[in-house]
Amino acid sequence: MFKDVPLTAEEVEFVVEKALSMFSKMNLQEIPPLVYQLLVLSSKGSRKSVLEGIIAFFSALDKQHNEEQSGDELLDVVTVPSGELRHVEGTIILHIVFAIKLDYELGRELVKHLKVGQQGDSNNNLSPFSIALLLSVTRIQRFQDQVLDLLKTSVVKSFKDLQLLQGSKFLQNLVPHRSYVSTMILEVVKNSVHSWDHVTQGLVELGFILMDSYGPKKVLDGKTIETSPSLSRMPNQHACKLGANILLETFKIHEMIRQEILEQVLNRVVTRASSPISHFLDLLSNIVMYAPLVLQSCSSKVTEAFDYLSFLPLQTVQRLLKAVQPLLKVSMSMRDCLILVLRKAMFANQLDARKSAVAGFLLLLKNFKVLGSLSSSQCSQSLSVSQVHVDVHSHYNSVANETFCLEIMDSLRRCLSQQADVRLMLYEGFYDVLRRNSQLANSVMQTLLSQLKQFYEPKPDLLPPLKLEACILTQGDKISLQEPLDYLLCCIQHCLAWYKNTVIPLQQGEEEEEEEEAFYEDLDDILESITNRMIKSELEDFELDKSADFSQSTSIGIKNNICAFLVMGVCEVLIEYNFSISSFSKNRFEDILSLFMCYKKLSDILNEKAGKAKTKMANKTSDSLLSMKFVSSLLTALFRDSIQSHQESLSVLRSSNEFMRYAVNVALQKVQQLKETGHVSGPDGQNPEKIFQNLCDITRVLLWRYTSIPTSVEESGKKEKGKSISLLCLEGLQKIFSAVQQFYQPKIQQFLRALDVTDKEGEEREDADVSVTQRTAFQIRQFQRSLLNLLSSQEEDFNSKEALLLVTVLTSLSKLLEPSSPQFVQMLSWTSKICKENSREDALFCKSLMNLLFSLHVSYKSPVILLRDLSQDIHGHLGDIDQDVEVEKTNHFAIVNLRTAAPTVCLLVLSQAEKVLEEVDWLITKLKGQVSQETLSEEASSQATLPNQPVEKAIIMQLGTLLTFFHELVQTALPSGSCVDTLLKDLCKMYTTLTALVRYYLQVCQSSGGIPKNMEKLVKLSGSHLTPLCYSFISYVQNKSKSLNYTGEKKEKPAAVATAMARVLRETKPIPNLIFAIEQYEKFLIHLSKKSKVNLMQHMKLSTSRDFKIKGNILDMVLREDGEDENEEGTASEHGGQNKEPAKKKRKK
């Protein structure tokens, strides 16, 4: 009716308001037609009110509906059925999108409305309903990019806010915890079940945009930083994960879109070979796990991707095949296709393609059990055996599998004649194949035996027992490794040990044919013989004694290097082999020590030669061949074994300090490998469970060794080269604690329980309820004791390496404490006591200790008062910029002394101050957003602003304390360099934040009147305590740079003067920005004085007119003449002070 009536804008507004107010009184089903009519009417005006009204009504309805659902069951009587509500919402969204197609103005209004709401607080205006509406609007070409951009920024902003909040107790106390955009978007996915097909396309696009924009970025050396729990607190990784969740959930709910999601993921995997795509592979893996059978319909897409396998990097191939592995079990055709591709790749030109083929074949061997049918748990829970038979019928049986596996073994045997890298992959993979597929033992072991025989010297009295020459390939001048003999032996040793432990006990009962097992005795004999002959061999037998040439530049040198590494590797493998069969016999242990001595001699020679040639890295790269399981058993035996019968034989190993140090060093190497790559080399190195078990055992031993034999005791006994064992143990602990937090966050409780040596089986039950915080506090106390002992020693005996490691350990352990617990408060007061009472001149130790103090402090309360105290200390130690002023020394923190005050502590406190300013800035932006929304809704009465009072008060308190902090530092005679630089930048930030606060009060004044008294005090303080001092500090910096120029000219070489000039320029660069910030602040204060009728400028002294325009032509001349002509340079630096720009700045006012 109203459509045809001519109405004024006010009348349209009135009609719209009336209609909107009727929503709450109507039946749900009657709302869509009314909305439709309202949208038609909105072409006359009031578009904004219509949209706002609809969005507000449904957002409120959603909220109420959610509360009722999560609330009491009795309320169900009142609730609207959720299906009906979602259908109504879906219809209304369609109406709005249709209206926007006809009237683009309406779309602009919608985007504008949601953007404005985002400025203050992104959660204010977004609700599941408005997000669903936005996602539907993406189907209109014109708004697509705009809307997706809006959603992307609000997601990241929401995660950044969350990060800020998590990092600061000060903010947590002021800002209530809200729901986040990410949860709302996932709610939209959940709601889209109710035939919201118009939303799905938008969801998929948003998911891919988030994954593309915020996935892991490429890092040096082609390694990507894997996402891990400790890092995933970062907003970008959260956003990427959210994208993956959106896609996975959408995939589960909507069948029609599955093909497209799969296609897009595979396209990215195939086309982005060079950039890291681990996040897409994880998503693919989750999709396949969810429904392998559903994906059979898309199998053509997967087989298409297989065609590109030989062009993809090895890591991608491994992860891709692992992800689609459940599909291979279901679909024969896909499996056949893959085998063809892998066979082709096996003889490709590129080495990477051949390695990929080996990786693929090994994966197939691991997953197709010869023993018979498939256990459904290996695919996915939803997959029952009856489903599998759909595709494969009766062919799917152990016989087929056996032929299939033996066929693959044939292909792999051919690899044994290829490059060393390809063989290496095989040797590393065979052990896992055996473990998963024990029927292949014979085939694998025979293959390994025949391979070993090529390099083994069968005559028992010939030395050395291995033909090293045969392992090396010479092509013209180029010499390379042909056969990684050490890895071959390593693989044989592990497979043999596994075979003895698992297969042979099972065969005891049955009589097997003899020749079947002949290989196992053969291998045992060979290893035995190699051991005995290796011990007898001298380095001369390998032609690797001290006189040999090890330089990397000659072919003989390269050959000798390769041989040396092979011999060292073989020694390591034999050490492990002999230990595993020793059952603690003394002779075996003597053999182990002899093997170790051979290893040690060689590594010493290599180190010595490398030291001369300055290529130390060459030696560091070789990974130890000992398995992690063995390292943990060995350490336990060396340090913790107290069984009487073992003592005599163990004393052989314990007598060699070198050997014990070596064992701890290998443990360190393994943990470092885990930290860098997420797995370790050797058997079970990819199995997180086993690694975790070994980590717990190793940590327990290292912890016991470090706490029971302190470094001071050990070092006073004998002076040896290298680090002492206790120090190595501590280094290991530090690495392990950070690795556990990175990869095993959920298992921390289990890890800490494993460290508790007193735990006996009986106590397990009472023990289970001891919290992580209590267990951590117990460990922390041990390290605190060690640190106190260290600090009580004399300055010259102070071991700074150990102190640094201890602080790092304490830092990583303190992250596990619950900030609200008494243990946390205890830790904080202990740390601050250490800082107050101990003065050490070691800058690194001071830095890490102060960092620990700050990281604890911010989780407890705001650190501004701490900053103020530290600034007074720094001022006291470094003296005043005015040399006539005597500064009284405050001694709040003894850790601040002449050596550490600048730059160490100074830069630390400035970076903390910067964080505080960032938080304050964030709060001010939040307040501004609220005020602008209140003025928009025009209900801003004087009461409306009351809830902000505590926040305003907190902001003013923070800024006031920071003002006194800067007041101290600006008077301090800081050494030129990074300290001055950072201070000037931070002062600039301080003024920008003050300006933001003044502008906020300008907004408040428009709606409600005056400004609070404490704001006036803050302005007064800034006028009396900061601005005038800033100007004198600037003069100080400039005078310093002038004197530098004058002294520089006469004595130094021209080049030195040029660098000095460049430094001066760099240092004075932030000065104009600071002046500008001060003047902006004063300009807005004048505005506020007029608005609020309070004279805020009475405390401000008018600033000196100045300019920092550097005269380029004079500077060029000076640099050209390189300090020959003194006058020119003098004038250049003098004119640095006064020129013509103030006029422009005054005009701005």
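Thresholds applied
Residues numbered from 1 in each chain as written. Predicted model: local features only at pLDDT ≥ 70, side-chain atom pairs only at ≥ 80, totals over all residues. Heavy atoms only, no water. Phe/Tyr/Trp six-rings, centres within 6.5 Å; stacked < 30°, edge-to-face > 60°. Helix = DSSP H or I, 4+ residues; strand = E, 2+ residues; numbered from the N terminus. Buried < 20%, exposed > 50% of the residue type's maximum accessible area, 1.4 Å probe, protein only. Lys NZ or Arg CZ within 6 Å of the ring centre and 35° of its normal. Contact = heavy atoms within 4.5 Å. Salt bridge = Lys/Arg side-chain N within 4 Å of Asp/Glu carboxyl O. Pairing = 2+ DSSP bridges. Disulfide = S-S within 2.5 Å. Patch = residues over 30% accessible without salt bridge, like charges linked within 9 Å, V, L, I, M, F, W, Y side chains within 5 Å. Areas by Shrake-Rupley, 256 points an atom, 1.4 Å probe, with all protein chains shown as cover.

In the nomenclature of an unreviewed UniProt entry, the chain corresponds to FA complementation group I from the organism Homo sapiens.

A. View of the packing of aromatic side chains. For the structure shown, the criterion picks out 23 aromatic pairs. Note on Phe579 and Phe630: the rings are 5.3 Å apart at their centroids and 70° apart in plane angle, and the pair reads as edge-to-face. On the criterion of sequence distance, the pair formed by Phe579 in helix H25 (residues 555-582) and Phe630 in helix H28 (residues 628-640) is long-range, its members being 51 residues apart. Neither Phe579 nor Phe630 differs from the other in exposure class; each is buried. Seen from their ring centres, Phe692 and Phe751 are 6.4 Å apart, and the 50° between their planes marks the pair as tilted. Taken together, the residues Phe692 in helix H31 (residues 688-708) and Phe751 in helix H34 (residues 748-755) connect sequence positions 59 residues apart. Across the pair, Phe751 and Phe692 agree in class, each one buried. Three or more aromatic residues joined by ring pairs make a cluster, and in this case those are Phe692, Phe737, Tyr744, Phe751 and Phe783. When the ring centre of Phe404 is taken as reference, the NZ or CZ atom of Arg335 above it lies at 4.1 Å. The side chain of Arg705 reaches across the aromatic face of Phe639, ending 5.3 Å from its centre.

B. Spotlight on the side chain of Lys735. In this fold, Lys735 is placed in helix H33 (residues 725-743). The contact partners of Lys735, leaving out residues within four places of it in the chain, are Leu668, Val671, Gln672 and Lys675.

C. Representation of the pattern of salt bridges within the structure. The final tally for this structure, using the stated rule, is 30 salt bridges. With a shortest N-O distance of 2.3 Å, Glu689 and Lys747 are connected by a salt bridge. Here Glu689 is found in helix H31, whereas its partner Lys747 is found in the loop between H33 and H34, with 58 residues between them in sequence. Taking the relative accessible area as the measure of exposure, Glu689 reaches 46% and is therefore partly exposed. A relative accessible area of 18% places Lys747 in the buried class. Note that Glu837 is salt-bridged to Lys833, the shortest N-O span being 4.0 Å. One end of the pair, Glu837, and the other, Lys833, are both in helix H38 (residues 822-837), four residues apart, so they sit about a helical turn from each other. Among the ionic contacts, a cluster of salt bridges with common partners joins Asp432, Arg435, Asp684 and Lys690.

D. View of the pairing of strand E2 (residues 478-481). The pairing of strand E1 (residues 472-475) with E2 spans four bridges and is classified as antiparallel. In the sheet register, Leu473 faces E2, and the bridge partner there is Ser480. Where E1 hands over to E2, the hairpin turn is made up of two residues, of which Gly476 adopts a positive phi near 65°.

E. Looking closely at the state of the cysteines. Across all of its chains, the model carries zero disulfides by this definition. No disulfide involves Cys563; its sulfur sits 7.8 Å from the nearest other cysteine sulfur, which is in Cys471. On the accessibility criterion, Cys563 (5% relative accessible area) is buried.

F. Examining a nonpolar patch on the surface more closely. A contiguous nonpolar patch, built from Tyr36, Phe98 and Leu102 and spanning about 320 Å² of accessible area, is present on the exposed surface. Within the fold, Tyr36 resides in helix H2 (residues 31-41).

G. Quick look at the environment of Ser331. By the element assignment, Ser331 lies in the loop between helix H16 (314-330) and helix H17 (332-346). In this structure, the C-alpha to C-alpha distance between Ser331 and Ser299, residues 32 residues apart in sequence, is 8.5 Å.

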